[in-house]
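Understanding the architecture of this molecule
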Amino acid sequence: MPSAVLLSGGLDSAVLLADEAVRAEVQPIYVSVGLAWEGAERRAVEHLLATGRHRPRIRPLVALSVDMRDVYAATHWAVAGRPPEYHTPDEDVYLPGRNVILLGKAGVYCAAAGIGRIAIGTLAHNPFPDATPEFRSTMARALSLGLGHTLQIEAPFAAATKTDVIRRGVALGVDFALTLSCMNPSGTRHCGLCSKCRERHDAFLEAGVADPTDYVDSRYVRA
């Protein structure tokens, strides 16, 4: 039975997709909710899936949507496209209910498609309440009960750092230049000024892997 992978086009989910595809067939799922950077993410996802090393085991993308712009105000940074700046802490990018919405919609799809497992790219440093083991197990139980379909939710990288994930991606042959981890991209280019760009660049430095990212503004980029 295939597993579903929540694929955002970012570094973590791209490596997760490749890692899952080593062992079994995988169904990538992208869920849009109305955030400013989603168009760029979708393009990244399409490029990843078109050139992926493990393509024979990866099913065509399923694109789902849940419009959250009736909950997040038009002035919200994630809707308006004004993300937290480079040196701000991870907590500043919190989106209430993010994983609730992603897993809820993906879970309904998986029940209809006969898929029993969803993998999500949560990392060890994630500080948010919907990124805990307790949340995942409770959400899986609620979806299983409500859908009449046994569903597991797992985070294979939950004990890993982004540095660990980059090293795993190198071993899997993931093309990091095709991934997008930015909250204010210009086309396929990273802004270089948001906290996601900082997190991404720092991880490449720590991993000792050359950062292939094309940054619009490279003032903070170090060799």
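In this report, we go over the structure that sits alongside the text. (Residues numbered from 1 in each chain as written. Predicted model: local features only at pLDDT ≥ 70, side-chain atom pairs only at ≥ 80, totals over all residues. Heavy atoms only, no water.)

**Section: empty space enclosed by the protein**
As enumerated under the stated definition, the model contains two cavities of 30 Å³ or more in all. Here the largest cavity is characterised by a volume of approximately 950 Å³. Of all the secondary-structure elements, those providing two or more residues to the lining of the largest cavity are α1 (11-23), β2 (26-32), α2 (38-51), α4 (98-113) and α7 (195-207). Among the residues forming the lining of the largest cavity, the class breakdown is 19 nonpolar, 10 polar and nine charged. (1 Å grid on protein atoms, 1.4 Å probe; cavity = no way out; pocket = protein on both sides within 12 Å on 5 of 7 lines; lining within 4 Å. Points joined across faces, edges and corners; volume = space filled by probe spheres on them. Helix = DSSP H or I, 4+ residues; strand = E, 2+ residues; numbered from the N terminus. Nonpolar A, V, L, I, M, F, W, Y, C, P; charged D, E, K, R; others polar.)

**Some points on the environment of V33**
With respect to the helices and strands, V33 occurs in the loop between β2 and α2. In this view, V33 contacts E38, V66, D67, M68, R69, R98, I101 and L102; residues no more than four positions away in its chain are not counted. (Contact = heavy atoms within 4.5 Å.)

**Focus: the side chain of H201**
Positionally, H201 belongs in helix α7. Using a relative accessible area of 2% as the deciding quantity, one classes H201 as buried. In this structure the side chain of H201 is engaged in a polar contact, spanning 2.9 Å, whose partner is the backbone nitrogen of R222. Not counting residues within four places of it along the chain, the set of residues in contact with H201 comprises Y86, D211, Y215, Y220, V221 and R222. (Buried < 20%, exposed > 50% of the residue type's maximum accessible area, 1.4 Å probe, protein only. Polar contact = N/O pair within 3.5 Å; in protein donor to acceptor, adjacent residues only side chain to side chain.)

**Concerning the packing of α4 against helix α5 (residues 133-147)**
The N-to-C vectors of α4 and α5 enclose an angle of 40°; their axes lie 10 Å apart at closest approach. On the basis of the axis angle, α4 is oblique to α5. Considering only the axes of α4 and α5, their crossing is right-handed. Of the residues in α5, those touching α4 at N99, V100, L103, G104, G107, V108 and A111 are F135, M139, L143 and L147. Among the residues making up the contact of α4 with α5, the classes are represented as eight nonpolar, three polar and no charged. (Axes fitted to C-alpha atoms, helices over the stretch in contact; angles between N-to-C directions. Parallel < 35°, antiparallel > 145°, perpendicular 65-115°, else oblique. Left-handed = near helix turned anticlockwise from the far one by under 90°.)

**Regarding the pairing of strand β1 (residues 3-6)**
Both faces of β1 are covered, namely the face carrying S3 and V5 and the face carrying A4 and L6. For β1 and β2, the ladder comprises four bridges, and the chain directions are parallel. Opposite S3, over in β2, you have V26 as the bridge partner. Handedness of the crossover is the feature at issue here: the chain leaves β1, passes through α1, returns alongside β2, and the resulting connection is right-handed. Taken together, the two bridges between β1 and strand β4 (residues 117-119) define a ladder with parallel strand orientation. Residue pairing across strands places V5 opposite A119, the latter belonging to β4. (Pairing = 2+ DSSP bridges. Right-handed = clockwise from strand over helix to strand, strands pointing away.)

**Concerning the packing of aromatic side chains**
Applying the stated criterion across every chain, the model contains four aromatic pairs. Ring centres 5.4 Å apart and planes at 80° place the aromatic pair F176 and F204 in the edge-to-face group. Of this pair, F176 sits in the loop between α6 (162-172) and α7 while F204 sits in helix α7; the two residues are 28 residues apart in sequence, bridging distant segments of the chain. Since its relative accessible area comes to 1%, F204 is described here as buried. (Phe/Tyr/Trp six-rings, centres within 6.5 Å; stacked < 30°, edge-to-face > 60°.)

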